[in-house]
Amino acid sequence: MGMEGIGQRVVRKEDKRFITGKGKYTDDVKLVGMTHAHFVRSPHAHAKVVSIDSAAALAMPGVIAVLTGAELVADRIGNLICGWMVHSKDGSPMKMGAYPAMAPETVRYVGQAVAVVIAETKNQARDAAEAVTVEYEELPAATTVAAALASDAPQLHPEAPGNRVYEWSIGDKAATETAFSGAAHVVSMDITNNRLVPNPMEPRSAVANYDSGDDALTLWTTSQNPHVARLVLSAFYNIAPEHKLRVIAPDVGGGFGSKIYIYPEEIVCLWASRKVNRPIKWTSDRTEAFLTDAHGRDHVSKAEMAFDADHKILGLRVHTYANFGAYMSLFSSSVPTYLYATLLSGQYVIPAIYAEVDGVYTNTVPVDAYRGAGRPEATYLLERMMETAARQFGLDPVDLRRKNFITSFPYQTPVIMTYDAGDYNASLDAALKAIDYAGFPARKAAAAARGKLRGIGFSCYIEACGIAPSKAVGSLGAGVGLWESAEVRVNPVGTVEVLTGSHSHGQGHETTFAQLISERLGIGIDQVSIVHGDTDKVQFGMGTYGSRSGAVGMSAIVKAMDKVEAKARKIAAHLMEAAEGDIVIEGGEFKVAGTDKKMPFALVALAAYTGHNLPDGMEPGLKEGAFYDPTNFTFPAGTYVCEVEIDADTGKTEVVNFVAADDFGRMINPMIVEGQVHGGLAQGIGQALLEGTVYSDDGQLMTASYMDYCMPRADDLPSFDLHHTTTLCPGNPLGIKGCGEAGAIGSPPAVINAITDAIGHNDMSMPATPAKVWAAIHGRAAAE
Ligand code: MCN
C-alpha cells in the first residue's frame, strides 16, 4: 500500500478549490446574452387557475416573455414522471395524477409554478413576476394523511380516488397473524417520522442554452445524476433528442437526495431557451428551496411486535401511511416500499413480518428520497420498538437486542433482503466499551446532583445501499438499471484520467477514486484526475445516491483498471523481455521479480502510445472502459449510543456523548468516511431535536425559512466518538459497504431513546423540542 493508496487518511484534493472560493457552480456560469427566469408561484395549496393576465408584466422594462402552463401543453412538453412502478396488493398499478412543469388548470401545493417571466436581469424578472395577475378559485386543502383520507377530504387527482396512490404490502400476513396469536407479549406503538427539508448549502440552479446553429441544447444544473436527467428530459419530456442535449452538473454544493430529480424549473428553462432563443438562468432563493425542493420522510405508522415468553421476537406487524405530497416525484414510490419495508427485519431474527403501506396524496410539496430514504424510517420504528419493549419487560435494552440478533450469514429476511455479511455483536461491543456503559449509573447520579436528567439510548441499525442489481430492481418496477460505468484513460506520459458515471457533490470522490488508482499503480494522486458530471465527456452513468459510489462506482473503476493493468503488464513484459507473470507493480514502477530490471509506468504508457515496440497484434493506446452491475445491496450496520442531559426547567436537551460504531467493510479513506458519518449524524440529530416542517391546515408552509425551520448548528452537537468494526462485503471486489447515509439512518432513535430514558416518559415525537420535552416532564400537553 502506498502513502496515498487504499486505507490512507489522504486530505481531500478538491477542497483546495472549495475553500479558496474557486469552485465552479451552476450559478457561476455566465453566457453572452444570458437572460433570467423568475417563476410565478401559487399562494394557495389547492385552487383552480381561472386566468393569467401577463399584459402589465410584458410592458415592464427588460421583460422578454411570460410563459404559462397552457403553452407548455400546447408545445407537447411531457408531464413529470415517477420512475418506479409500484403495484397495490390487489395487483393494480399505482394511481397517479398528471404532474405538469407549470400548472395549466389546478395548483395543488403552495409554491407550485403557474408561469415564468424571462427578463434581461434577475431583478427585472422578479419585479415583473409580481405584476402577473393570476385569478384563482380556492379549493379546500388536506395537508396530512389523516385529513386526505377523511371521508369529506378534497379530491386531489381524479385518477387517485380517495387520494390513495397505492395500498401495498409485503411479507406473510397469515404467518404473522399466527405469530401474534401465539405471543406471550405484544408491544404496540404509534410512530411518526417527521417531514424534513433537505437544505443543501447550494440552492438548486439551472442554466439552459439553446444553440440554433446546431439545434442543440446545453443544461448546466445542480444534479446528482446528469445522465439520468438527460435520459428523462429526452425520453419523456420531449425537450430534445439525447444527442442534441448536453447536461453538465459542475461543482454541486450538496444534494442529500434532493438533487436526484428532474424538477419543473429545469424543464421550463430548457423549453423557454429554445422559445426565446437566448440562454436562461434560474437560481432558487432559500424560500423557494423550502417550497419546491423535494421534502423527505413524513410517515405515520402503527407498529406491533410479538414476543414469546423468553422475549424472542415472533413477529412484526406494521401499517404505514406515507405522505407523498401533491405529486409523485421521480423515485418517491420506491421510498416507503422497497427502501423502507424491506428493512423492517433490522438486525433481528423476526420469523414473520407483514407490512402494509398506503401512499397518500396531500396538498404539500412532493416528498422523495432524502439522505437515508426509507431506511431511517425503518430504523426509527424498529429501534423505538426494541427500547420500548425492553422497558416494558424490565430488561436491559442491550440484552433484549443481543438475544434477538442475527448471527449467521447469509441471512434471508422475510421481507426480500438477503443480508450477506455482518457482525452485530462486534459493533455493539465496540459501542458499549466506548460509551463506558457500566459507568452510566454513576454519570446519571452525578448529573442528578447537578440538577440534570441524564439518559442513555441505543440504536442498532442496518441499512441497504449500493443499490442494486439491475435485474432485481427491474423486477420490482424500477424504470432504470442501477449499474455504473467507468473509463480509465492513461495519457502518453503516464498521468491518468478516470471518467466515472458517479457524481461527487461533497463526498470526496476526486480523492478516494484517485486513491484507488494510486493503490493499483503506485503513482501519486496528483497524477490522477477524476472526470464526472458531463454527458459529453462521460458516456453514461447512473449518478450518486443510495451510498452507491464506493460499492458500485469504484467497482466499475476496478474492472476498467484490471483491463488497463493487464495490457500494461503485457507491454512491460515485452519491453523487458520477461514473463508477464514476473511483472510486479511497485511505487509507480514495473519490475521484473528477482532481477534489477524495472521501468517507470510513464515509459510503459509512452510505449503504448508510440506503438514502436508492442507485442505482435496489440492495438496501440492505453484506455479501457467497464460497466459494473452489483450482485446485491451492501449492508452497512452498527450501534449508535446517545447520552443526553436535560434541563428540567427549560426542557433543553444537550447531547453530551455520542458513540457510533459502524461496519462499512473496507474503508478507502477513513478520514472521508468519518466526515460522512459526522454529516449524517448532524442530519439525524437535527431530525431528532430540531428539524420538522409545520403546515397550517390550509396548506401554508409555516416553516419556510431559517427563522422557523431549525437547522443543527455546531454547538448543538457533541464531539462524536467514532469506531469501526469490519466485515468485508463479499459482493464487490473491494469489500466496501456504503457510508454516506448511515449517520442519518442510525441516529434519530438513539437520541429519542435517550431523551425518553432521561425523562422516564416514553411518549415523545420528533423533533423533541424544548417545549415538548418540558411539557412531558411537567405532565402538560405539548405545544406542537
Ligand atoms: N468511502 C470509503 N470507504 C468506504 C465507503 C465509502 O472511503 N467503505 C468513501 C467513498 O469513496 C466516497 C465517500 O466515502 O468518497 C462516500 O461514499 P458512499 O458511501 O459510496 O456514498 P456516495 O459517494 O454514493 O454518496 C452518496 C451519499 C448519499 S446517498 C447522500 S444522501 C449524501 C452522502 O453521500 N449526500 C451528501 N454524503 C453527502 N456528503 C456531502 N458533503 N453532501 C451530500 O449531498
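These numbers were taken from a predicted model, which means no experiment stands behind them.

A look at the UniProt feature "domain: Aldehyde oxidase/xanthine dehydrogenase a/b hammerhead" (unreviewed entry) in the chain
In step 1: Summarizing the sequence annotation, UniProt attributes the feature "domain: Aldehyde oxidase/xanthine dehydrogenase a/b hammerhead" (unreviewed entry) to residues 20-140 in the numbering used throughout.
In step 2: End-to-end, the C-alpha atoms of residues 20-140 are 50 Å apart, and along that stretch the chain is 17% helix and 29% strand.

Examining the sheet that holds strand β27 (residues 653-663)
In step 1: Judged by pairing direction, the sheet is mixed, and its four strands sit side by side in the order β18-β26-β27-β28 without closing on themselves. Each edge of the sheet is formed by a strand with only one pairing partner; in this case those strands are β18 (452-462) and β28 (721-724). Each neighbouring strand pair of the sheet contributes to a mean axis angle of 15°, computed without reference to strand direction.
In step 2: Where β27 meets β28, four bridges bridge the pair, whose relative direction is parallel. Bridge assignment links D662 to a residue of β28, and that residue is H724.
In step 3: The strands touched by helix α19 (residues 742-759) are β18, β26 (637-647) and β27; relative to β18, the strand with the most contacts, the crossing angle is about 145°.

Here we look at a nonpolar patch on the surface
In step 1: Side chains of V493, L603 and L606 sit close together on the surface and give an oily, nonpolar patch of about 260 Å² of accessible area.
In step 2: According to the relative accessible area criterion, L606 is partly exposed, its value standing at 35%.

Thoughts on the site of the ligand
In step 1: Surrounding the ligand, one finds 33 residues, the nearest of these being G255, Q507, H509, Q676 and C739.
In step 2: Between I668 and the ligand, the recorded distance is 3.1 Å, taken from a backbone N or O atom to a nitrogen atom.
In step 3: G740 places a polar main-chain atom, nitrogen or oxygen, 2.9 Å from an oxygen atom of the ligand.
In step 4: Contributions of two or more residues to the shell around the ligand are made by α15 (509-521), α16 (549-575) and α18 (670-689).
In step 5: Counted by class, the shell around the ligand contains 10 nonpolar, 18 polar and five charged residues.
In step 6: A domain-level breakdown of the shell around the ligand finds at least three residues from each of domain 1 (15-20 + 483-628) and domain 4 (420-463 + 634-784).

Let's talk about the pairing of strand β9 (residues 205-211)
In step 1: Taken across its seven residues, β9 has five buried, putting it largely inside the fold.
In step 2: Where β9 meets strand β12 (residues 280-283), four bridges bridge the pair, whose relative direction is antiparallel. Residue A208 lies in a different strand from β12, and its bridge partner there is I280.
In step 3: Strand direction decides the pairing type here: β9 and strand β10 (residues 216-221), joined by six bridges, are antiparallel. Paired with Y210 across the bridge in β10 is L217.
In step 4: In this antiparallel pair of consecutive strands, β9 and β10, the connection spans four residues, and D215 shows a positive phi of 50°.

Some thoughts on the nonpolar core
In step 1: Of all hydrophobic cores here, the largest spans 171 residues; its most connected members are L233, I239, L344, F658 and I755.
In step 2: Setting aside residues no more than four positions away along its own chain, L233 makes contact with L219, N238, I239, A240, L245, V247, I262, I267 and L270.
In step 3: Listed in part, the 48 residues of the second largest apolar core include V488, L521, I523 and A551.

Notes on the packing of helix α10 (residues 375-393) against helix α11 (residues 397-404)
In step 1: The N-to-C vectors of α10 and α11 enclose an angle of 115°; their axes lie 8 Å apart at closest approach. α11 is crossed by α10, and the crossing has right-handed handedness. Along the contact surface, α10 presents E383, M386, E387, A389, A390 and F393, while α11 presents P397, L400, R401 and N404.
In step 2: Class assignment of the residues belonging to the contact of α10 with α11 gives a composition of six nonpolar, one polar and three charged.

Regarding the pattern of salt bridges
In step 1: Enumeration over the complete set of coordinates arrives at 45 salt bridges.
In step 2: With its nearest N and O atoms 3.3 Å apart, the salt bridge here joins R164 to E167.
In step 3: Note that R164 and D358 form a salt bridge whose closest N and O atoms lie 2.9 Å from each other. Of the two residues, R164 is situated in strand β7 (residues 164-171) and D358 in strand β15 (residues 352-361); the sequence distance between them amounts to 194 residues.

The rules behind the values
- Residue numbers restart at each chain and count upward from 1, following the sequence in its written direction.
- Totals for whole chains, interfaces and linings use all residues, but because this is a predicted model, local features are given only for residues with pLDDT of at least 70 and pairs of side-chain atoms are given and counted only at 80 or more.
- Side-chain calculation: all heavy atoms of the structure are included, whereas hydrogens and water are not.
- UniProt positions are given in the numbering used here, feature names are shortened, and annotations may be inferred rather than shown by experiment.
- Think of it this way: any DSSP run of H or I at least four residues long counts as a helix, any run of E at least two long counts as a strand, and we number them from the N terminus.
- Strand pairing is defined by DSSP finding a minimum of two bridges between the two strands.
- Only the stretch in contact is used when a helix axis is fitted, and all axes are lines through C-alpha atoms; the angle between N-to-C directions ranges over 0 to 180 degrees.
- Any two residues whose heavy atoms approach within 4.5 Å at even a single point are treated as in contact.
- Here, patches come from residues exposed beyond 30% relative accessible area and free of salt bridges, joined within 9 Å for like charges and within 5 Å for nonpolar side chains (Val, Leu, Ile, Met, Phe, Trp, Tyr).
- Computed with the Shrake-Rupley method and a 1.4 Å probe, the accessible areas treat only the protein chains shown as cover for residues.
- Salt-bridge detection follows one rule: a side-chain nitrogen of Lys or Arg within 4 Å of a carboxyl oxygen of Asp or Glu.
- The cut-offs for exposure are 20% and 50% of the maximum accessible area for each residue type, with area from a 1.4 Å probe on protein chains only; residues under the lower value are buried, those over the upper are exposed, and the others partly exposed.
- Proximity criterion: a residue is near a molecule or strand once any of its heavy atoms comes within 4 Å of it.
- Definition of a polar contact: a pair of N or O atoms within 3.5 Å, with one able to donate and the other able to accept a hydrogen when the atoms are protein atoms, and with sequence-neighbouring residues admitted only if both atoms are side-chain atoms.
- Three classes are used: nonpolar for Ala, Val, Leu, Ile, Met, Phe, Trp, Tyr, Cys and Pro, charged for Asp, Glu, Lys and Arg, and polar for all others, with Gly counted as polar.
- For each domain, the first and last residues come from an automatic or database assignment.
- Nonpolar core, defined: a set of buried Ala, Val, Leu, Ile, Met, Phe, Trp, Tyr and Cys residues in which side-chain atoms within 4.5 Å join the residues together.
- The hand of a helix crossing depends on one turn: near helix anticlockwise from the far one by less than a right angle means left-handed, and clockwise means right-handed.

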